[in-house]
Amino acid sequence: MLSQLGVVLDFRVLNCVFRDFGLAGINVNGAYAKGVIAECQFIDIYRPELGNYGYGVLVVGDGSTNWDRPFVLGNDDSVFVEDCSFIGNRHAIASNNGSRYVFRYNHTSAPRPENGTFVDAHGFEYGSDRGSRGYEVYGNILENRTRTPNWLIGIGIRGGDGVIFDNQFFDDSPDFEGYDHPILLACRMDESATCDYPNQDQTRDLYLWNNTLNDQPTGLAIFSGHACLFEEGRDYYLYERPDYTPYTYPHPLRDEPECLDGQEQECYTGPPGTVGVGPCRAGIQTCSSGSWSTTCQGQVLPGVEVCDDDLDNDCDGLTDDSDGEDCPAEPDGAETEIDGGVDGAVDQGFDAGGEEEEGSNVESAGCSCSIIGARPPVPRKPSIIINNFQ
């Protein structure tokens, strides 16, 4: 049994089996409770010696705290029960005291004959501080196959507001007498209701549409003596709620988390092949709320190559000349000193008399330097160096 007091946020109960409990298989209580119960089985949650209990799931809020805060349908601010099966329970789900729940795409069958209601929302009754606040009930299959009914309600609403739609009721009992009412609306069942409208926490904003009994449309019944409290078009509406969109299905909390909160892993967002080269280093990602953080703390990424600092700033494996272009030896057209002469004095292949010397071209000069922008260096024979040539 999951029983919590206070704040219960974003809990997950998945793929579990609950059998032979007396009070409830799962009991969630406290203010702001929200989370998901999915793909679970609730079997024989009922013991006659415990009387009026036998709840698959029990949702109990925190009274006025839950009633006083804003109530919006279609968001995640509820206890979600989805894709579960309920066999042999008195109530598949029950609620009270400011509770908020979503009951969707479940399958209920074999109800207990003793005062059974598959889906229940208590009102301000039987000593409770407040009644249920809200509910969304849709897409369920509710079957009575026992043929031994004794006051069986499919969905019984005694307080709070919400939506009920797309539910399928099936009844195998003779003349469809198994269900007293597929859907019943009441105010209080402890005889404390009066015709002084409105009673505290009574239903005043309920929408119902597209519910069927044995594949035929079924409507809403009002509990005997309570018709003075409910008026169609004021308190309940037999058509689709125009401003309503169901919350995401499946519930996002059912997704397997990427990680467990507090876990750490290495991360790196630089180009492939650069991590561990030069100063480039991996960082650390931390898991929060089931997902890895989008920041990579402490990583060092490639930068712009800085010449003459003896570092491989761009992490390509080369220091001060990452690709042969970042740090050239000299810019194009630079003048070069040759053999200790003055910049700009270069061998032009002339003899002392100014005549061109046969065979004294660049290829035959004795120069071991390189002139950027000219021809590449080749071995040369000794030649005349002319300084300050004009």
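Heads up: these notes are all about the structure in this document. Note that the structure is a prediction, hence the values are computed from the model and not measured.

Observations concerning unusual backbone geometry
Working note: non-glycine residues mostly have negative phi, and peptide bonds are mostly trans.
Part 1: Here Y197 and P198 are connected by a cis peptide whose omega angle stands at -5°.
Part 2: Note on placement: P198 falls in the loop between strand 18 (181-185) and strand 19 (206-209).
Part 3: Non-glycine residue N15 carries a positive phi angle of around 55°.
Part 4: Tracing the chain through its elements places N15 in the loop between strand 1 (9-14) and strand 2 (17-19).
Part 5: Located in the positive-phi region is C315, a residue other than glycine, with phi close to 55°.

Overview of the environment of V102
Part 1: Mapping V102 onto the fold places it in strand 10 (residues 100-104).
Part 2: You can call V102 buried: its relative accessible area is 0%.
Part 3: Between the C-alpha atoms of V102 and E136, which are 34 residues apart in sequence, the distance is 4.7 Å.
Part 4: Not counting chain neighbours up to four residues away, the residues in contact with V102 comprise S78, V79, F80, V81, E136 and Y138.

Quick word on empty space enclosed by the protein
Part 1: Tallying each qualifying case throughout the model produces three cavities of 30 Å³ or more.
Part 2: Reported here for the largest cavity is a volume of approximately 70 Å³.
Part 3: Around the largest cavity, the lining comprises 15 residues; the ones closest to its centre are G30, A33, V59, N66 and R100.
Part 4: For the lining of the largest cavity, the elements supplying multiple residues, two or more each, are strand 3 (24-29) and strand 6 (55-60).

Focus on the sheet that holds strand 11 (residues 107-109)
Each strand in a sheet pairs with another by means of backbone hydrogen bonds, the pair being arranged parallel or else antiparallel.
Part 1: Taking strand neighbours across the sheet as the criterion, the eight strands line up as 2-5-8-11-14-17-20-21 in an open arrangement whose pairing is mixed. Unpaired on one side and paired on the other, strand 2 and strand 21 (216-217) mark the two borders of the sheet.
Part 2: Relative to strand 20 (residues 212-213), strand 17 (residues 168-171) runs parallel, the two being bridged by two bridges. Within strand 20, the residue paired with Q168 across the bridge is T212.

Rules and cut-offs
- Residues numbered from 1 in each chain as written.
- Predicted model: local features only at pLDDT ≥ 70, side-chain atom pairs only at ≥ 80, totals over all residues.
- Heavy atoms only, no water.
- Helix = DSSP H or I, 4+ residues; strand = E, 2+ residues; numbered from the N terminus.
- Buried < 20%, exposed > 50% of the residue type's maximum accessible area, 1.4 Å probe, protein only.
- Contact = heavy atoms within 4.5 Å.
- 1 Å grid on protein atoms, 1.4 Å probe; cavity = no way out; pocket = protein on both sides within 12 Å on 5 of 7 lines; lining within 4 Å.
- Points joined across faces, edges and corners; volume = space filled by probe spheres on them.
- Pairing = 2+ DSSP bridges.

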